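Per-entry structural report
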Protein chains: 2
Amino acid sequence: MANGLKRTPGFFDFIIIGAGVIGSATACYLKKALPESRILLIDRYHTAGAGNTAKSAALFRNFFSSRTNRLLAGSSIKYYLEPGTKVQLDPTGYLWLFSKEQWNASRTAIHELDPEKNKFEILDRDRIADILGINYQAKGHFPDVNSGIFCHLCGSLSATALARHYASLFKSMGGEINFNTDIKEFIITGQNSCYAPWDNVFIDGIVDQKGNTYNAKEFIVATGAWTHDLLAPIGIASGILPKKRQLFALKIENNAGLLADSTSTIRPAIILPAGGVYIKPVFDKNIIIVGCADDLGQPFLMSDPEPDPLYFQRAIEPVLNHYFPELDFILSLKWAGYYDYHWPDMTPVIESVANLTWVGGTSGSGIMKADAIGRIAAARMQGHKEALLADGSKFRVSRLSLQDRDVEKEELII
Amino acid sequence: MANGLKRTPGFFDFIIIGAGVIGSATACYLKKALPESRILLIDRYHTAGAGNTAKSAALFRNFFSSRTNRLLAGSSIKYYLEPGTKVQLDPTGYLWLFSKEQWNASRTAIHELDPEKNKFEILDRDRIADILGINYQAKGHFPDVNSGIFCHLCGSLSATALARHYASLFKSMGGEINFNTDIKEFIITGQNSCYAPWDNVFIDGIVDQKGNTYNAKEFIVATGAWTHDLLAPIGIASGILPKKRQLFALKIENNAGLLADSTSTIRPAIILPAGGVYIKPVFDKNIIIVGCADDLGQPFLMSDPEPDPLYFQRAIEPVLNHYFPELDFILSLKWAGYYDYHWPDMTPVIESVANLTWVGGTSGSGIMKADAIGRIAAARMQGHKEALLADGSKFRVSRLSLQDRDVEKEELII
């Protein structure tokens, strides 16, 4: 080409940018529905699910107050039971602990949920004490432990394995994948000559780090935390912003300081009532992985990608020491990634402008909803009004759009 | 101080960052309500209203479909009639032209408005032809002229004069102003030692380009298009993004090509039915100022601050040539500024986190709403539930918040 850019052979029907859980699931369901289409999945890393997908705690839960969130997560979890061990699914359950104040604030939302259908039990302090060796008394910043929710349809899986599962299904159906391909910019029609408002403006191609261009009829951006930085320069406000997420792996001698009965097979993930601290047990490796919720002061930016040991010392260690005084641990590993917050309502978005669609804003619960989001995005790309989810339920595609958004406020936020 | 920063004397009750129309009006009404408070208004430029306020076309209108927008603009315009010539108010009226298709799309919204109360008339093509020497036929990208709205409570003023008016009222009541002061960062409590989620995090101070710090109990950010860049680093998603706005001043020989009767005293601002092109006449200087609406491709970024003559040639000149074939003009001046779009609903926002409040997102209609927004922001800072607007109406402060937002979708967008 005259400007020195190299054009890759062929013209795709769809190009999906980002092979995290969301992009890979979307590619998979789109190819499944349109086997004759030429579809390209692109990722900057060497494999699927190697970006922020890999940096997540990869816990999953079906326990949300919002009907939309319950549908997205519940149907996705139902699907994940199928590949099961292939995605390292471990349905340990969640034990979500509430202080008296938190319980009073959440009680109404919880009592509206059907325990039978959503597979959870409400535990009082005695039943919590049967499971955990926990100090339930308040002290300083740390409130009491008053009630708990044991959610049976919760647990953990391997987020990278899940993304790879979808990417390999996609490939087995004839989908094309370009790894190590970092998309740097969009080519817009008329850009070189400055277009007018009545021009039919659309995305003509995308350019990678080596200057290769890729052309398609439709582009799908599933770039998670990078979405704002990619779309703002072409005038699209996605409402998706990055926020740093830090995780810390702690070596423990044994589980005695955590569980009431160290031989018990009930070994749930735990959400503590202070600072949003959560614990993912990996007892077969004598490890627990802990994370924590953030607030004012944590930038909405691709800022420092390093985990901060001081953050562990100040925001997590005191919480563990308070609630599990008998637990001995040593900080062994730490890493940081980015949430992709759709900050207006913390619920995923699928929206289009011209021939560009973005899928994201999973706001910390993307892995547990990826199957449903992939199906809904694929349905939207086919022009369908409804998507069929893994549990057989139907989901109106426009509910996740910005134009005709129809989602509920989530009351059960960690 | 140990870190070499210089602390300015004193500790303010309120610091308002940004002396554009919004910040200056807020400072004015806050000082008026709390004369004993120590209030500092800060701006990076040498005078009030010298930033993007000065780059606006400074047209005003009360003609909106959203009740909120009508209240904000209508009451503000009522106030502007008072300082009148001091703010160079020129109530020329607007003549908003609609194609048949646009009219059919907007008709329902327009017919819900009371012409008496909102002081507008619906004009047919003949009555439009009495005022303008316009070509009403469609051709190519340019639709027909089918109907018009003549709004009497519309016109233009000097945006800089308006900001200065509020700033000087503020100063006359004992308010303090620091010009040439560019705020670069916020100091957050505990930032140096990394805070925990249960910490009581708040803004301790702000730092300018010279390293001076300013301390206050409450901070108000009225930085318009700069809001995202200022707040994202401290973890606040304001939803306010910048978008470039370009204006072009054209020298004309006389008004004969524009007006049907060049001696007529009816000389309205004009909105054309193609490309969102609008015309602000400054006939006493033989100038018309023209602008245009943008879309996909115009970055949501502080990108190129220069106006693009190619944009004039491609997006504006053909529109003028089509609708006013007899008009001769020469491009004489051009400039660019930034809109501050609150993109989720294009309606202003007043929201707080800890001791920081942001006021903005005026989305292209800030000057015509500044008085009401200043009153509402001042009411919020005093903890009032309602603000008293210039027309005597009461406005529930939380309606412009993000938490309890209650605004209507605007149907009448240029």
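Residues numbered from 1 in each chain as written. Chains lettered and ligands numbered in written order. Predicted model: local features only at pLDDT ≥ 70, side-chain atom pairs only at ≥ 80, totals over all residues. Heavy atoms only, no water.

**Overview of the packing of aromatic side chains**
Applying the stated criterion across every chain, the model contains 24 aromatic pairs over all chains. Note on W96(A) and F98(A): the rings are 5.5 Å apart at their centroids and 15° apart in plane angle, and the pair reads as stacked. A relative accessible area of 3% places F98(A) in the buried class. Judged by centre distance (5.0 Å) and plane angle (70°), the ring pair of F63(B) and F120(B) falls under edge-to-face. Residue F63(B) is located in the loop between β4 (59-60) and α2 (67-80), and its partner F120(B) is located in strand β6 (residues 120-123); the two are separated by 57 residues in the primary sequence. The residues F63(B) and F120(B) share a single accessibility class, namely buried. Joined through ring pairs, the aromatic side chains of F63(A), W96(A), F98(A), W103(A) and F120(A) make up one cluster. Lying over the aromatic face of F12(B), R38(B) brings its terminal NZ or CZ to 4.2 Å of the ring centre. (Phe/Tyr/Trp six-rings, centres within 6.5 Å; stacked < 30°, edge-to-face > 60°. Buried < 20%, exposed > 50% of the residue type's maximum accessible area, 1.4 Å probe, protein only. Helix = DSSP H or I, 4+ residues; strand = E, 2+ residues; numbered from the N terminus. Lys NZ or Arg CZ within 6 Å of the ring centre and 35° of its normal.)

**What about the relation of the copies chain A and chain B?**
Placing chain A over chain B gives an RMSD of 0.0 Å and needs a rotation angle of 180°, together with 0.0 Å of translation along the axis. One copy is carried onto the other by what is essentially a two-fold rotation axis. Rotation axis and chain A: the residue whose C-alpha lies nearest the axis is G239(A), separated from it by 3.5 Å. Both copies contact each other with a shared surface, as 100% of the interface residues of chain A are interface residues in chain B too. (Least-squares fit on C-alpha atoms with pLDDT ≥ 70 in both. Contact = heavy atoms within 4.5 Å.)

**A word on the pairing of strand β20 (residues 356-360) of chain B**
All names here are of chain B. Of all five residues in β20, five are buried, a share of seventy percent or more. Here β20 shows two buried faces, one formed by L356, W358 and G360 and the other by T357 and V359. When strand β13 (residues 216-221) meets β20, the two strands line up parallel, connected through three bridges. Looking at β20, one finds that I220 is bridged to T357. With five bridges joining them, strand β19 (residues 349-353) and β20 adopt antiparallel strand pairing. By the bridge assignment, S352 is partnered in β20 with T357. In textbook terms, the turn of a hairpin is the stretch between consecutive antiparallel strands, and for β19 and β20 this stretch comprises two residues, one of which, A354, has a positive phi near 50°. (Pairing = 2+ DSSP bridges.)

**What about the interface of chain A and chain B?**
Taken together, the contacts link 43 residues of chain A with 43 residues of chain B. Carbon and sulfur atoms make up 70% of the surface buried where chain A meets chain B, a total of about 3,600 Å² over both sides. Seen at the junction of chain A and chain B, the total is two residue pairs in polar contact (both at pLDDT 80 or more). Breaking the side of chain A that touches chain B down by element, the ones donating at least two residues are β14 (240-252) and α8 (309-323) of chain A. Tallying contributions element by element places α8(A) first for the side of chain A that touches chain B, with six residues. (Buried area = accessible area lost by both parts, 1.4 Å probe. Polar contact = N/O pair within 3.5 Å; in protein donor to acceptor, adjacent residues only side chain to side chain.)

**Some remarks on empty space enclosed by the protein**
Applying the stated criterion across every chain, the model contains one cavity of 30 Å³ or more. Considered as a void within the structure, the largest cavity measures approximately 60 Å³ in volume. Residue lining of the largest cavity: H228(A), G239(A), I240(A), L241(A), W343(A), H228(B), G239(B), I240(B), L241(B) and W343(B), and that is the complete set. Of all the secondary structure elements, the ones that give two or more residues to the lining of the largest cavity are β14 of chain A together with β14 (240-252) of chain B. The class makeup of the residues in the lining of the largest cavity is six nonpolar, four polar and no charged. (1 Å grid on protein atoms, 1.4 Å probe; cavity = no way out; pocket = protein on both sides within 12 Å on 5 of 7 lines; lining within 4 Å. Points joined across faces, edges and corners; volume = space filled by probe spheres on them. Nonpolar A, V, L, I, M, F, W, Y, C, P; charged D, E, K, R; others polar.)

**Brief notes about the sheet that holds strand β7 (residues 147-151) of chain B**
Residue and element names in this part refer to chain B. Spatially, the eight strands line up as an open sheet ordered β6-β7-β5-β15-β16-β17-β14-β18, and their pairing is mixed. The outermost strands of the open sheet, each flanked by one partner alone, are β6 and β18 (329-342). Neighbour-to-neighbour, the strand axes of the sheet open up by a mean angle of 20°, direction not taken into account. Sheet analysis places strand β5 (residues 94-98) next to β7, joined by five bridges and oriented antiparallel. Bridge pairing links L97 to G148 in β7. Packed onto the sheet, helix α3 (residues 100-111) meets β5, β6 and β7 and runs at close to 125° relative to β5. (Axes fitted to C-alpha atoms, helices over the stretch in contact; angles between N-to-C directions.)

**Overview of the domain arrangement of chain A**
Residue and element names in this part refer to chain A. According to the domain assignment, chain A contains domain 1 (6-55 + 160-239 + 344-400) and domain 2 (94-152 + 243-337). In this structure, domain 1 and domain 2 have C-alpha centres spaced 34 Å apart. With five residues of domain 1 at the contact, the number on the domain 2 side is six residues. With both sides pooled, the region where domain 1 packs onto domain 2 buries about 530 Å², and carbon together with sulfur makes up 58% of that total. Three residues stand out in domain 1 for area buried against domain 2, namely N52, K55 and W226, and they jointly supply 68% of the buried area on that side. Our count for the contact surface shared by domain 1 and domain 2 stands at zero salt bridges. The interface formed by domain 1 and domain 2 contains one residue pair in polar contact (both at pLDDT 80 or more). Here the side of domain 1 that touches domain 2 is built from residues that sort into two nonpolar, one polar and two charged. (Domains from an automatic or database assignment. Salt bridge = Lys/Arg side-chain N within 4 Å of Asp/Glu carboxyl O.)

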